[in-house]
Amino acid sequence: MSTTSTTFGTGVILTVTPNPSLDRTYEVPALERGEVIRASGERMDPGGKGVNVSRAVAAAGRRTVAVLPLGGAPGALVADLLDAQGIEVAPVPVAGATRSNIALAESDGVLTKINAPGPELSAEEQELLLEAVREQSRDADWIACCGSLPRGLAPSWYADVVARAHAGGARIALDTSGRALLEALRERPDVVKPNAEELAEAVGRPLVTVGDALKAAEELRDMGAQAVLASLGADGQLLVEDEGAWFASARVDTVRSNVGAGDSSLAGFLIAGGSGPKALASAVAHGAAAVQLPGSVMPTPADLDPTAVTVTDRVPVDRELTEPVS
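Just so we're clear, the structure is a prediction, and the values are computed from it rather than from any experiment.

## Quick word on the overall build of the protein chain
Right, on to step 1. Summing up its helical and strand segments, the protein chain has 9 helices and 16 strands in all.
Right, on to step 2. Based on the C-alpha atoms only, the size of the protein chain along its principal axes is roughly 55 × 50 × 35 Å.
Right, on to step 3. The proportion of buried residues among the 326 residues of the protein chain is 53%.
Right, on to step 4. Of the contacts formed within the protein chain by residues at least 6 apart in sequence, a portion of 68% connects residues at least 24 apart.
Right, on to step 5. Looking at the protein chain as shown, the accessible area adds up to about 13,900 Å², and 48% of this sits on carbon and sulfur atoms.
Right, on to step 6. In the protein chain, which carries 27 positive and 43 negative side-chain charges, the distance between the mean positions of the two groups comes to 1 Å.

Written out as structure tokens, the structure is:
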């Protein structure tokens, strides 16, 4: 079926970004090692997966609160940039400086990223971060926990957040990978959002077809995830939950940058309710719009083209992935 409308909720979407960043994106003709490259454009944005989800939620006109540790001059700039975008910031002051990342976007769509490690959080700062999540989650419709963990946080940190959130009655969307993802599954997050590489890593085997991805998503549900929203790059997205499985894809005319596209997709999924084919259609529409914008610009409703999105419950299990994961 073709989906042409999106349903929006009304609650606050809280995001948690344990390792935020200040992102600088440069558009370059081509990347040549050892040469002086003149950028044709540049942007500076607040970064981190949860931060990007908040930015996309705010661009859609919804209220969002971003919980994140911030330190030094880069941290202060991140807070200012978020405030300018209408995002409520719940900062946790830390001693270390917030990391600065660089992205080089070539004219053919290839993106090269240099991500700094970020500061190491002390035991006291870790507890302050958990407490900030608890305080801000009272009115949250969803809590989106996203990204890598900074130095100092144990792989079980996200599992602790999921457990505390569920104890308070909140729903959790988790976008992380590796051991942090696997440990959090035992607390049954409401939805997890791996990409193809993260999905393959979680189940320990290659993904060659959409059917392989579907089986891997079902295994993540067996391991504890209540729903799986899997991004398969240019091929589309899968949603697997109790009510069934759906596959969605979208027409994309020109790819400018995929920075934050997955985060925009998760935002689209959550603002459309966080379950079912309509939410999947919203996720794909937001992701498709994001890749056609420069840097990590988040799409507004005017950028979306729901008519370009197709959703079906007939998952094309035999379709080979454009970019198989070995």
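## Points about the layout of surface pockets
Right, on to step 1. Of the voids in this model, the second largest pocket is the one considered here, and its volume is about 240 Å³.
Right, on to step 2. Residue lining of the second largest pocket: 15 residues in total, with Asp190, Gln226, Ala227, Glu241 and Ser275 positioned closest to the centre.
Right, on to step 3. For the lining of the second largest pocket, the residue count by class is 4 nonpolar, 4 polar and 7 charged.

## A closer look at the pairing of strand S4 (residues 64–70)
Right, on to step 1. Counted residue by residue, S4 has 7 buried out of 7 residues, so it is predominantly covered.
Right, on to step 2. Side chains of S4 alternate between two faces, with Thr64, Ala66, Leu68 and Leu70 and Val65, Val67 and Pro69 buried alike.
Right, on to step 3. Here strand S1 (residues 12–16) pairs with S4 via 4 bridges, running parallel. Looking across to S4, one finds that Thr15 is bridged to Ala66.
Right, on to step 4. As paired strands, S4 and strand S5 (residues 88–93) are joined by 6 bridges and run parallel to one another. What sits directly across from Val65, in S5, is Glu88.

## A few points about the environment of Asp141
Right, on to step 1. Following the sequence through the fold, Asp141 ends up in strand S8 (residues 140–146).
Right, on to step 2. Looking at Asp141, the relative accessible area reads 21%, which means it is partly exposed.
Right, on to step 3. In this view, Asp141 contacts Gly11, Val12, Arg62 and Arg171; residues no more than four positions away in its chain are not counted.
Right, on to step 4. A distance of 2.5 Å separates the side chain of Asp141 from the side chain of Arg171, its partner in a polar contact.

## Things to note about the pairing of strand S13 (residues 237–241)
Looking down a regular strand, the side chains alternate between one sheet face and the other.
Right, on to step 1. Counted residue by residue, S13 has 5 buried out of 5 residues, so it is predominantly covered.
Right, on to step 2. Judged from the 4 bridges that link them, strand S12 (residues 228–231) and S13 form a sheet pairing that is antiparallel. Bridged to Val228 within S13 is Val240.
Right, on to step 3. Between S12 and the antiparallel strand that follows it, S13, lie 5 residues; Gly233 among them carries a positive phi value of about 65°.
Right, on to step 4. Pairing analysis gives 5 bridges linking S13 to strand S14 (residues 244–250), with the strands arranged antiparallel. For Gln237, the partnering residue across the bridge sits in S14 and is Ala248.
Right, on to step 5. What sits between S13 and S14 in their antiparallel hairpin is a turn of 2 residues.

## Thoughts on the UniProt feature "domain: Carbohydrate kinase PfkB" (unreviewed entry) in the protein chain
Right, on to step 1. Under the present numbering, the feature "domain: Carbohydrate kinase PfkB" (unreviewed entry) in UniProt falls on residues 26–301.
Right, on to step 2. When the span residues 26–301 is considered, its composition is 38% helix and 25% strand, and the gap between its end C-alpha atoms is 25 Å.

## Comments concerning helix H9 (residues 276–291)
Right, on to step 1. Taking 1.5 Å of rise per residue, the 16 residues of H9 would be expected to cover 22 Å, and the 23 Å separating its terminal C-alpha atoms lies within 8% of that figure.
Right, on to step 2. With 14 of its 16 residues buried, H9 lies for the most part within the structure.

## Section: the pattern of salt bridges
Right, on to step 1. Taken as a whole and judged by the stated rule, the model has 15 salt bridges.
Right, on to step 2. The closest approach of N and O atoms between Lys49 and Asp175, which form a salt bridge, is 3.4 Å. Pair noted here: Lys49 is in helix H1 (residues 49–59) and Asp175 is in strand S9 (residues 171–175), with a separation of 126 residues, a long-range link.
Right, on to step 3. The structure contains a network of salt bridges with shared partners spanning Arg179, Glu183, Arg186 and Glu187.

## Description of unusual backbone geometry
Right, on to step 1. Residues other than glycine seldom take positive phi values, yet Arg188 does so here, at roughly 55°.
Right, on to step 2. With respect to the element layout, Arg188 can be found in the loop between helix H5 (178–185) and strand S10 (191–192).
Right, on to step 3. According to the relative accessible area criterion, Arg188 is partly exposed, its value standing at 43%.

What counts and what doesn't
- Residue positions within a chain follow its written sequence, with the count starting from 1.
- Two thresholds apply to this predicted model, a pLDDT of at least 70 for residue-level local features and 80 or more for giving and counting side-chain atom pairs, whereas whole-chain, interface and lining totals are computed over all residues.
- Note: side-chain values were computed over all heavy atoms of the structure, leaving out hydrogens and water.
- Strands are runs of DSSP state E lasting at least two residues, helices are runs of H or I lasting at least four, and both sets are numbered from the N terminus onward.
- Buried residues are those whose accessible area, probed at 1.4 Å on protein chains only, stays under 20% of the maximum for their type, while exposed residues exceed 50% and partly exposed ones sit between those limits.
- Whether two residues are in contact is decided by their heavy atoms, any of which lying within 4.5 Å being enough.
- Here the accessible surface of atoms and residues is derived via Shrake-Rupley with a 1.4 Å probe, and residues count as covered only by protein chains that are part of the display.
- Asp and Glu count as negative and Lys and Arg as positive, but His and the ends of the chain are not part of the count.
- Lysine's charge is taken at NZ, arginine's at CZ, aspartate's at CG and glutamate's at CD.
- Think of a 1 Å grid over just the protein atoms. A cavity is a set of points where a 1.4 Å probe fits yet cannot get out, a pocket is an open set with protein on both sides within 12 Å along at least five of seven lines, and lining residues have an atom within 4 Å of a point.
- Grid points are joined across faces, edges and corners, and a volume is the space filled by probe spheres set on the points.
- Three categories are distinguished: nonpolar for Ala, Val, Leu, Ile, Met, Phe, Trp, Tyr, Cys and Pro, charged for Asp, Glu, Lys and Arg, and polar for the others, with Gly belonging to the last.
- A pair of strands is labelled paired if DSSP reports no fewer than 2 bridges between them.
- Side-chain atoms alone can form a polar contact between residues adjacent in sequence; in general such a contact is a pair of N or O atoms within 3.5 Å, and within protein one must be able to donate a hydrogen while the other accepts it.
- UniProt positions are given in the numbering used here, feature names are shortened, and annotations may be inferred rather than shown by experiment.
- One less than the number of residues in a helix, times 1.5 Å, gives the span that helix is expected to have.
- Whenever a carboxyl oxygen of Asp or Glu lies within 4 Å of a side-chain nitrogen of Lys or Arg, that contact is scored as a salt bridge.

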